[in-house]
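# A closer look at the structure
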Amino acid sequence: MEVYDGLAEGDPGLCEAVRARPALAALLTGAGLPLVPWGRTRPFGRLAGRPWRAGELRYESKSAAHALFGRILADGGHPGIVLPAQWRAAGRWAAVRLLAARTRAGESSVLKSEHGVGGSGTTVVTPDRVRAAGGARAVLRRLPRGPLLVEEYVAGPAEADGPRDLTYDGFVDGAGRVHEVGGAVMDVRDGCYQGATVGPGVVPAWAEKPLAAFGAAVGRELAESGYRGWFDVDFVADGAGRLAPTETNLRLTGPSVAFMVAARLDAQRGAGHLVRIADRVELGARLPEAQLDELCAALARGCAELGAVFVPAIPTGAFEPAPWLGVLVAAHRGETLDAAEALVRAGARAVGAEFTAFAARPARPTR
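Residues numbered from 1 in each chain as written. Predicted model: local features only at pLDDT ≥ 70, side-chain atom pairs only at ≥ 80, totals over all residues. Heavy atoms only, no water.

## Section: the side chain of Glu341
For Glu341, the location among the structural elements is in helix H11 (residues 334-360). At 2.8 Å, the side chain of Glu341 and the side chain of Arg276 are in polar contact. Aside from chain neighbours lying at most four places away, what touches Glu341 is Arg276 and Val329. (Helix = DSSP H or I, 4+ residues; strand = E, 2+ residues; numbered from the N terminus. Polar contact = N/O pair within 3.5 Å; in protein donor to acceptor, adjacent residues only side chain to side chain. Contact = heavy atoms within 4.5 Å.)

Set out below in structure tokens:
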């Protein structure tokens, strides 16, 4: 693997920085292999030599995606899928009126911003929460001015009955063909994405077929609209064994990294890997680079002793004021995967606390 560093230190951005190095640009675009961006932008269009088409991203809009889901379901071919109702509010006052009316009726709602990512701008609004906050207006104070979407809340299964948040990942190639990547179970807390688990048997058996069929149908519609690249469709499970689609993301998503690591480990170590990506493992202290390397080496050894694999995914948060680390763990058995994640979280906290104690010790006097 060839690694290039220091490309995007100035204002132009990564794609323009690559174009400023003709040899590197030729290496990327002339290899005859797909060049896949994290997300499609106008600068990437210039780098890839493919014209920028703003319309191909229209289903990043949560209201446009909701309308797309409704059109797919209109033919009655997806009995395991249910679509929650959605209302558009031009601004905060309109959203307040909608939420107040639903609250008086005892209904819970999901409030969304039109283009929120990873759970940003999404809030579950229950009658109890509205009363505790002092009214619907208080709930909206920290949200964008609009447009906002008010969506019917889908009550989920009991925790013991299976996962709540699932996703389908796929890829539309340059010829417009849709390829299935797979399904994943996401870790979503307070409406915000925290990570995902991929691999055989992760998606419950009852959800596999409806999730794959509906995800593929969305992929075909995206391809027809001109989109090319990675996409996903997110779902929540209801209490009746059905899936409710909530949004589609037209870019590489958090679970995409886990799928790629699973494919590589399957090729290296045999098929059947379960891979979990945890985007935020809290550290007990800010760790400089040398100490972070030591921590990752120790976690890799500890996971190997369990029969698991440890891969650092997001090291850049380790020196933040509230430090954290993104990681992947992989194993062939679910019990081993859970044990590896527990070891990583405990080890990250312990090593960080140990480093804090070491750094706080007074220096020894010199003679």
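## Details of the sheet that holds strand E7 (residues 192-198)
Judged by pairing direction, the sheet is antiparallel, and its eight strands sit side by side in the order E9-E8-E5-E6-E7-E10-E12-E11 without closing on themselves. At either margin of the open sheet sits one strand with a lone partner, and together these are strand E9 (243-249) and strand E11 (309-314). Ignoring strand direction, the axes of neighbouring strands in this sheet form an average angle of 30°. Taken together, the seven bridges between strand E5 (residues 165-172) and strand E6 (residues 178-189) define a ladder with antiparallel strand orientation. Residue pairing for E6: Phe171 is matched across the bridge by His179. Here helix H8 (residues 205-224) sits on the sheet in contact with E5, E6, strand E8 (229-237) and E9, set at roughly 40° to E5. (Pairing = 2+ DSSP bridges. Axes fitted to C-alpha atoms, helices over the stretch in contact; angles between N-to-C directions.)

## Points about the pairing of strand E12 (residues 324-331)
Buried residues dominate E12, accounting for eight of its eight residues. Burial along E12 is two-sided: the face carrying Trp324, Gly326, Leu328 and Ala330 and the face carrying Leu325, Val327, Val329 and Ala331 are both buried. Of the strand pairs in this sheet, strand E10 (residues 274-282) and E12 are connected by seven bridges, and their pairing is antiparallel. Bridging from a neighbouring strand, Ala278 pairs with Val327 of E12. (Buried < 20%, exposed > 50% of the residue type's maximum accessible area, 1.4 Å probe, protein only.)

## Examining the pattern of salt bridges
This structure, assessed with the given rule, holds 17 salt bridges. Of the charged contacts, one joins Glu114 and Arg88 as a salt bridge, the two residues approaching to 2.5 Å between their closest N and O atoms. Separated by 26 residues along the polypeptide, Glu114 in the loop between strand E2 (109-113) and strand E3 (122-125) and Arg88 in strand E1 (residues 86-89) bring together distant segments of the chain. A salt bridge links Arg242 to Asp238; the shortest N-O distance between them is 2.8 Å. On the basis of relative accessibility, which here comes to 34%, the residue Arg242 falls in the partly exposed class. (Salt bridge = Lys/Arg side-chain N within 4 Å of Asp/Glu carboxyl O.)

## As for the environment of His78
Inspection of the secondary structure puts His78 in the loop between helix H4 (62-73) and E1. Along the chain, His78 and Gly91 lie 13 residues apart, while their C-alpha atoms are 34 Å from each other.

## So, empty space enclosed by the protein
Under the criterion given, the structure shown has three cavities of 30 Å³ or more. In this structure, the largest cavity occupies an estimated 50 Å³ of space. Taken together, Arg40, Thr41, Phe44, Gly45, Ala48, Arg50, Pro51, Trp52 and Glu56 form the lining of the largest cavity. Residues of the lining of the largest cavity, tallied by class, amount to four nonpolar, two polar and three charged. Of the residues that constitute the lining of the second largest cavity, the class distribution is six nonpolar, two polar and three charged. (1 Å grid on protein atoms, 1.4 Å probe; cavity = no way out; pocket = protein on both sides within 12 Å on 5 of 7 lines; lining within 4 Å. Points joined across faces, edges and corners; volume = space filled by probe spheres on them. Nonpolar A, V, L, I, M, F, W, Y, C, P; charged D, E, K, R; others polar.)

## Details of the sheet that holds E1
Read across the open sheet, the four strands follow the order E1-E4-E2-E3; overall the sheet is antiparallel. Pairing within the sheet leaves two strands with one partner each, and these edge strands are E1 and E3. Each neighbouring strand pair of the sheet contributes to a mean axis angle of 20°, computed without reference to strand direction. Pairing analysis gives four bridges linking E1 to strand E4 (residues 148-152), with the strands arranged antiparallel.

## Structural notes on the pairing of E3
Side chains Thr123 and Val125 project from E3 onto a buried face, and the interleaved Thr122 and Val124 project onto a face without burial. Across four bridges, the pairing between E2 and E3 is antiparallel. Residue Lys112 lies in a different strand from E3, and its bridge partner there is Thr122.

## Topic: the packing of aromatic side chains
Applying the stated criterion to the full structure yields three aromatic pairs. Considering the side-chain rings of Tyr168 and Phe231, the 6.1 Å spacing of their centres and the 40° angle between planes classify their relative orientation as tilted. Remark: Phe231 occurs in strand E8 and Tyr168 occurs in strand E5; sequence separation between them is 63 residues. By the burial criterion, Tyr168 is buried, and Phe231 matches it. (Phe/Tyr/Trp six-rings, centres within 6.5 Å; stacked < 30°, edge-to-face > 60°.)

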